[in-house]
Each structure stands twice: as structure tokens, then as C-alpha cells.
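So the chains spell out like this:
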Amino acid sequence: MYQHTRLTTNRLGFFQKFKNFDYILLICILLLGFISLATMYSTDGGEIKFHTKSHFTKLAVFTLMMLVMSFINIKYWFSLGYLAYVVVVGLLVGTYLFGITSSGSQRWINLYFINLQPSELMKIFIIVCLAKFFHRMKLENVNSIYTILTSLIIILLPMGLVIVQPDLGTAVLIAISGIAVLWFAGINYKYFIYTILGFVISLPFVIAFLKPYQKLRVLTFLNPDKDPLGAGYQIIQSKIAVGSGGIFGKGFLKGTQSYLEFLPEKHTDFIFTLFSEEFGFVGSAILLVIYVIIIYRIVAIGASSRSYFAKIFCYSFGAAIFVFITINMSMVLGLLPIVGSPLPIMSYGGSSMLATMIGFGIVMSARVHNQQLIA
Amino acid sequence: MINSSSDNVKKLNSINRRMFITGSLKFFIMIGIVSRLFFLQVKENKKYLTLSDKNRIREWKLAPVRGEFHDYFGNVIAGNFEAYQLHVIPEQVEDFRYVIYRLKDLLELSDNEFKKVLKKKNEIKPWETLIVSDNLSWQKFSKINNHLYDLNGVKPVISISRNYPFKENFTHLIGYVSQANQDDIESTQAIKKNFVPGLKVGKVGLEKTFEEKLIGTNDIERYEVNAYGRRISQLEFQKGEKGKTLRLTIDTEVQKLANELLKDKAGSICVMDIYTGAVVAMHSSPSFDPNLFVFGISQDDWQLIRNDPMKPLVNKTLQGNYSPGSTIKPIVALSALENGIVNTNFTVRCTGKTEMYGQTYHCWKKKGHGYVSLRNAMKQSCDTYFYEIARKLGVDKLSETAKKFGLGEKVFGNLFDIEKKGLIPNTQWKKNALGKGWLLGETIITGIGQGYIQTTPIQLCLMTAQIANGGYKIYPHIVVDDKVKDQPTDKFTPLYKNSKNIKIVQDAIFGSTNEVMGTSYRSRIDNPKYQFAGKTGTAQVKKITEEERELDLKTFQIPYEQRDHALYVAFGPYKNPRYALSVIVEHGGNGSTTAAPMATKLFKLIIDRHKIRESLGNKKYLEI
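Residues numbered from 1 in each chain as written. Chains lettered and ligands numbered in written order. Predicted model: local features only at pLDDT ≥ 70, side-chain atom pairs only at ≥ 80, totals over all residues.

A. Quick peek at the overall build of chain B. Within chain B, the secondary structure is distributed over 25 helices and 19 strands. Across the 624 residues that make up chain B, the buried fraction comes to 43%. Within chain B, residue pairs in contact and separated by at least 24 positions form 73% of the contacts whose partners lie at least 6 positions apart. (Helix = DSSP H or I, 4+ residues; strand = E, 2+ residues; numbered from the N terminus. Buried ≥ 20, exposed ≤ 12 C-beta atoms within 10 Å, placed from the backbone. Contact = placed C-beta atoms within 7 Å.)

Pasting the structure below:
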């Protein structure tokens, strides 16, 4: 009987969908967007210049896109799962063949109206794809050789395509997104333990195969003061910026480290440094709280979803976003070596924002259609 | 369906369990991030704030304004003037080549100078200042100003620089400044602290001695700079302090007269207040224009000064070791009196020469002076008499008295690092320095200020001053403000055993100038206001051979380097003495004809100036 009523209310009206919206998540995303705009304004030196304008446009377009996405039934997103993955893999191949090279790596592809970084999209679409892959799978089949091999291929294929760009950081993040799905799908613990062990053991050999600049990054991370004007410069300046922010920060538009161009990559990977310099520990904590709320809402939406696909997607997406945030922050705070990893929404960069917003869109859709069962 | 639903439940259990693990993991990682933030921003905040300021704030030090030298009357004798300079910041120039060639034409730079400028340009960063010219004439400076419209990025600048308005008059006393070199920076803390490129520091003389006081402190401009070192904005301008202005005891008028008197001669004049020890004039000749050194002396000028046979680079007043000649006689006489060797009635018969220890010693007067007492011997500067009393006295007693009166010791202590001690020989000294026993014959010539004995002009002046003031110890000084603290405790302690002896010697010196037959009788002034007493001296620079003695050549017949030095020491006014002086003219021939007439002119001026000096009413000055 209970089930029956649910089945009858399967199709939701427009206003009902509105009612089903997760407004806390939406407000947090908008707040984050606003903060990112203000920070971008600051990186432009307190003027509305290219980065601010561009960031605003992207933010507006992609937020709208996210809202539209949330009205579309989750089952369509489910059905698009494999296609999206294949398309992005195609784009990655395209990038490999005729991508745009910038600062030593071929990461972008010109799609005539936009320069896209498919590796960023892959961070999300690999979750969609694997979530679909595991959706209907029985638990006893999850740990079969076939499943594991297939899922590994799904992960390793784009990873390989990203590594050759070369962009180790993003490749690792793609892998982490994929592994998150495997984790939630119920792959046996022992595989994770073996993988971690295997990774630790092979680390020295991996380092031996790293490219010189990657090796330098690791060495620099271990001792940034060794070459303060060379490789260690970014970490040192970033730490100085964050540390000099103090409890309340230097004030909006008053971050000397960024204004005077001591900060590297302040629009993208190091945006948190600038924010932290200007708004201090309190501001950074507030930003973290916003992120925590977002992740919490994503997980909560997952928990309240009836479909396994939505659940596994939300959990994995939540975990992935969490990892993106912590890796970026650990990097700028000197806890991890510098790997190119943007801070979701905050960092300048269309592809990253597009990917994140698509993720949010699917999560929103899962929330709006949380009673939707996917056959 | 049941199967699938039970599978679903299992799946849900599994995913929820794993979500729980993930959640806990996330929690701990988040704690880690927050604590890292807390560590950096709260705990280590100070450290990083300092690092951030170090990053963004850069200081530019500007050259400090150097303290001045004033004479006793407040006239600036080493001051500052506004030098017209031309600065270019290469980065702000659109077409550097055009501008620099244009400047070359306008400033009429030689190819050499031009090359130097280009070389400098290559050594600096494009936003740093290139000094094209550091001391432009007003004509060129205004010419540049007229052409500024097509000289973008060229900045005419007025900067403060050293100036010596009296040119060669004070060169040896004050010294000069010039660009600081590595040695200067390392040896003097104040220079190290205040150093900026192009800083001028004292190289010799008082400029060097009082460097720490004169140098002042930098103006400091604090700029915010960006990561590339470009100035963004000025945060602060901290005005530096001008160096301390030092007032000297010197009277410029007397100094100028000294310079005039010694014109084209090599020698020294110094004048001293016999009670305060204030040095009124101190000049060494020939001198040179210290302004030449301020912006770096040209090679030609330098060679000219360096190769001058009259040695302008030597401060003869302090560095010149001269045989005192007969100017030592007052001390010999005093020593003999003090030691009870002679009294005023003691006479010696002078025949023009005397045989002692198998050697012949000549008096300057061939015919001899006949029977002479102390007063007559001093008056006529009879050598035979002093041979005799020196012989009786012995060199050790003589040297004791001479040292008491300031000979053989640095007059200014550490004030000038170049000052020489002179030499007052005694038996002990010879044994130590030369490893030989003292010969009695050496005592005899020491009695007329020849032989080993060597004195500097300032020592002779001090000696005379201490005889003139009645035999009391004084400490000569040049800087007015300097004498307030650490007054030596033995100031004004008597140097005599019996004050009568000093009177006897003073009277004998008086006779030498103011009585017929006196050696400087022709230079006397009868007016009691100016009347002075002085002792001539003629120091041989080489031993006179028998042949030459027979020839009896006039001064002008002897080659310059072999002529005697002419000396004169004097004090006045005789009735109420206040000033003592010493004059030395190198190779001047004869003390009475060359040196003594200078004293006449000097005393006239000094005593006239005394009233003005007195009227300045410096309390510190009267405390004596």
C-alpha cells in the first residue's frame, strides 16, 4: 500500500519539483559562487577585469545549467552515463591528437565556442559511468574478476590519456573519483589494502619514472627552503600569504602577497591562498564550513535517495569533492606537493566549474527526484 | 523479487557502512586541514607576517647630510652645497639611445665619460637610477632644464654635497671627503650602517677622525615593492638626522694669513692659546684644494699633487719630524736651571768654536760671542754656551725636561692617526733602538737641537705655550665641543720645580727678540700691545763640511734641498702672554730672516683678533 502511493506520485509537477529542491545546498552553492566572485575581483586588483567578468559569466551560465539539470529526471542522467563517459574519452583522445598546448602540457581542446579541458570533466563523468556500471550489479558479482577488470579499465583508460598530456595531478584525481565509486560499490576491503600496500612499495620506482619537473615538485615539497627562489617559491610564498593573514586576515583587497604578485597562479590553484590572506583564519573556517555543508548535503541527498545509482553517485561525488578540496588546500598549505588541482567553484577555470556544476546538477536532480526508482 | 530486494538490502547495508567509514575519515582529514590553518594563521602568524613584510617592503636609504665644520666664529669652513645632478631611470626612457646621445651633446661629455655612463647603465636594473652626472655647472644644469621637453625620463636633481669654501686653507686640518671604499665600510661602524652607493666619507684629517659624529643618519624611504622589485607605493619617509656640526677653535683669519705667509713655501705654522690649549691656526704648506676630491679627483690633478716635491699630501704640522735647532735652547736652558747645573751668573767664553772629546764644535758666529751668560747666550743663540751646559747637564736630564714640556709625544693623542711622536733621545733609547752606547758628543749637539732629536711643529708650539704660561701643563685641542668632557686631571699642573727658572727663560727669550743683538731683533714690535718674545732656530738638514764652512755660502747659493730649515717659536703679548706660535719653513735658510718676520705679521693679527675672540663670551671657554 505504502509502495503503491509512492508509485502513483512518481511523476512530479513543476512546483512540486521546486518544493523538493535542497535549498540549503543551493544557497551554499550560490554563497560559494558569490565568494569566488569577490575573490576573483580581488585577484584582478580590485577592478572588474577579465577574470572577474569571465568567472561571473561562467558562474551564471553553469548555475543556470545546474538548475535546469535538477528538473530533469535522474533516470535520464542514469541513461546518459555511458554515453557521457565515451564522449569525454573521445574528447581526451581528441585532446591528445589536436589539443592546445599551454605551459608544457596538452590539456585543452578547442571546441570552437569554448576551450575545454576534458580531463576536468572526466573527474565527474567517471563517477556517473561507474555508478551506472554498479547500479544493477548484485553484491556477489561486485568482487568478480570481470567486474574488477572492467571497472579498472574504465578508470585506467582516461587516466592514461590524461597522464600523457602530461597532467599527473588530474589523472590521480580521476583515479580517486573512480576508486571512490569502487569503494562505495562494495569492492572487497582487501583490494584497497593491497592497492595501498602496492602503492607504498612501488613508490620509489614510481618516483624513478617521474618526469624531472614532477620529481622536483616532490623534492620541493619535502624541503621548500632548499631553493626558495626556484621550485620552492610557490609553496613558500603561499605559506607566507596564508600565515600572514592571521586570525581576521588583511582585509578585502588588501592581500599584499597577491597584489604585489608574490603569489603564483593566484586565479586558479592558489585562489584559497589569496582568500585566506585577506580573510584570515575566520574567513577560511567559514569557507570550509560552507564546503562541509555542501558535502554534508550531498551525502544526505544520497542517503535519502531511493535509487542505488543516485545513492552511489552522491556518496562518490561527495567524497570526490571532498578530496578535491582537501588536496587543493593541503597543497597550498604545504601539506602535499604541488599538483595541479583547482578548488571547486572558487578557482578560475571553466571546465572545472562545468564539471562541478554538472555534479551538483545530478545531485540536485537526485534530490528533486529522490523517490525515483531506476529499473 | 525477494532475492533482488534482499540483495538491495545487503547493498544498502554495505554502502551505508562504507559511507560511515568515509564520513569518519573526512572528519579527521577536515580536522587536519583546520589545525594546519590554525597553525599557520594563528600560531605562526607573526613569523609569516614578518616574512610577508620582508617580501613587500623594501627600504631605500638616501645619503645622510654630513655635519659641518665651523670655525670659532661660526664661519662655515666645511659645509654642504647643492650639487646639480642628472639622473636617468632607463626604464622610463622610451628611446634610451636617443636620450643618452642627446645628453652627451648637451653635457659635452668626453668619450671616456660617456663610456663610463653606458657601463654603469648595464650594471643596474632598468628601474634603478642611473647617475649621468653628479656635479653639473649651473650653466649645463639650466641648459638641460631647457631641453627637458625632449628628454623623457631625465631628471635634474639637486643633491647635497660637501663643499670647502676656503679651499686650500684648511686642507690638512679638516681633510676631505671622497667616495667610501670597502676599507672605510669595514673599518667604521657608522659608515657600514649608513652606507649608500656614492656615500662620501672623510678620508683624512678631522673629517676622518669625527666620521661617526659627522655622518648623520640616512633618510629612509620605505616602498612597497612587487615580486619583481618594482616600487609600487611609498609607505613612509623617515627623515634622517644631519650629522653633528663641529665648531673648531680655529680662527679663519689667522689661518688664511698663515696660508698666505707660507705661499710657495714648504712649511708649517701653528698658533695656540697658551692657557686653554685652543689651536687658533694650524697650517701646513703647500696645500691643495680639497674640493677636488669630493667627486673623485682627476688623474692629472692627482699626479700633480702627488709628484709635487714640496709634498702637499704631508701634514707638516703633525707629520713633519724636524730637528728643532736653536728653538730647543729654552728647554735646554730651563733644564740646566732646574737641575741646578747653571745659574744666571754662569758664563762661557765663546770663541766661535770649541774642542770637546776630540771633535770641533762650531758656533754659528765664526768670530764667537766672547763671554756669555745664559741670558746673552739665549739672546744671541750662542751655540758654544749651549754645548757647554748640555755637556754638564747630560742628555737624560735634558730629555726628561723636554718630555715634560710635550716633546717626543703626540700632542693630540688619538685625534689624528697620522700624527708623529718626534724623538727625544736619551741613553736608554739609543741602547734599545740602535743597540749602541750614547756618545757624549751626541749630547753636545742635542743641546742645540741637532742630532737624533726630532720634533713636530705642533710640539714646538706646545712647548713654547707651556713656557709662556708660566710652566703649566695644557692640552691642545681643536674642537670646541670636544673639550667639555674628559678633562685631563693633570691639566695646569706645574711642569717646573722652581717658577723663577721659567721667568728667567721667558726673559731670555724676550731679550732675543726685543734687544739689540737679539737674533730676531729685526722682527720685533715695539708697541707693548703686540710685543712678543721668540726664539729663532736654524736646523741643518745635512752636516756642514769644513769646505762649506770656509765658503760661507749665502742661502740662495745653496741648492734648495740642502738649505737649512728656518724655525721660529714665539709667544706674546709679552706683558700678558696669551698666544704661542711656531713657524717652520722648510729649507727657508735662516730662522731670523725667514721665519721670524712671519711671526711679526701673525702676532699683529692674532692680538687684534683676540678681543673679538674674547667678546664671543663663551662660558665654557672662560672656565679656565
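Still more to cover.
B. Broad picture of the confidence of the model for chain B. All names here are of chain B. Chain-level pLDDT for chain B is 87 on average; 97% of the residues reach the 70-or-more range. Low pLDDT, under 50, characterises residues 620–624; the stretch is placed with four contacts to residues that sit more than four places away or in other chains. Predicted complex, confidence summary: ipTM 0.90, pTM 0.66. (pLDDT = per-residue confidence, 0-100.)

C. The pairing of strand S9 (residues 231–238) of chain B, seen in detail. Residues and elements named next belong to chain B. The sheet contact formed by strand S8 (residues 219–225) and S9 spans six bridges and is antiparallel. Its bridge partner lying in S9, Glu 224 is registered against Ser 233. The antiparallel hairpin formed by S8 and S9 contains five residues in its connecting segment, where Gly 229 sits at a positive phi of about 85°. (Pairing = 2+ DSSP bridges.)

D. Examining the confidence of the model for chain A more closely. Put simply, chain A has an average pLDDT of 87, and 94% of its residues get 70 or more. Low pLDDT (under 50) marks residues 1–8 of chain A, which in the prediction has one contact with non-local residues, meaning those over four places away or in another chain.

E. Structural context of the sheet that holds S9(B). All names here are of chain B. Sheet architecture is open: three strands sit in the order S1-S8-S9, paired in antiparallel fashion. Unpaired on one side and paired on the other, strand S1 (57–62) and S9 mark the two borders of the sheet. Put simply, the sheet's adjacent strands are angled 30° from each other on average, direction ignored. Alignment of S1 against S8, held across six bridges, turns out to be antiparallel. Considered in S8, the bridge of Trp 60 is made with Glu 221. (Axes fitted to C-alpha atoms, helices over the stretch in contact; angles between N-to-C directions.)

F. How the structure looks around the interface of chain B and chain A. Between chain B and chain A, the residue contacts involve 33 residues of the former and 36 residues of the latter. When contributions to the side of chain B that touches chain A are tallied by element, the ones reaching two or more residues are helix H1 (2–43), helix H2 (45–56) and S8 of chain B. With 19 residues, the top contributor of residues to the side of chain B that touches chain A is H1(B). Grouping the amino acids of the side of chain B that touches chain A by side-chain chemistry returns 16 nonpolar, seven polar and 10 charged. (Nonpolar A, V, L, I, M, F, W, Y, C, P; charged D, E, K, R; others polar.)

G. Region of interest: unusual backbone geometry. Looking along the chain, the bond that leaves A:Gln165 and enters A:Pro166 is cis, with omega of 0°. Looking at where A:Pro166 falls in the secondary structure, it is placed in the loop between helix H8 (145–163) and helix H9 (168–185). Cis geometry marks the peptide bond from B:Ser285 to B:Pro286; its omega dihedral reads -5°. Among the secondary structure elements, B:Pro286 is positioned in the loop between strand S12 (279–285) and helix H12 (291–294). For B:Glu108, which is not glycine, the phi torsion reads 55° and is therefore positive. Following the sequence through the fold, B:Glu108 ends up in the loop between helix H3 (96–107) and helix H4 (111–123). On the basis of neighbour count, B:Glu108 is assigned to the exposed category, with 9 C-beta atoms found within 10 Å.

H. Summary view of the nonpolar core. Judged by nonpolar contacts, the single largest core of 121 residues is most densely connected at B:Val271, B:Met272 and B:Leu581. A per-element tally of this core places helix H21 (residues 457–468) of chain B first, with eight residues. Once you skip the residues sitting within four places of it in the chain, B:Val271 turns out to touch B:Val254, B:Val280, B:Ala281, B:Tyr579, B:Leu581, B:Leu602 and B:Ile606. Formed by 107 residues, the second largest nonpolar core is a distinct cluster that contains A:Leu121, A:Met122, A:Phe270 and A:Cys314. (Core = buried A, V, L, I, M, F, W, Y, C linked by C-beta atoms within 7 Å.)

I. Highlighting the packing of helix H6 (residues 118–135) of chain A against H9(A). Residue and element names in this part refer to chain A. For the pair H6 and H9, interaxial distance at closest approach is 9 Å and the crossing angle is 20°. One finds that H6 runs roughly parallel with respect to H9. For H6 against H9, the interelement crossing comes out right-handed. Counted together, Ser 119, Glu 120, Met 122, Lys 123, Ile 126, Ile 127, Leu 130, Ala 131 and Phe 134 of H6 and Thr 170, Leu 173, Ile 174, Ser 177, Gly 178, Val 181 and Ala 185 of H9 form the full contact between these two elements. Here the residues of the contact of H6 with H9 sort into 10 nonpolar, four polar and two charged. (Parallel < 35°, antiparallel > 145°, perpendicular 65-115°, else oblique. Left-handed = near helix turned anticlockwise from the far one by under 90°.)

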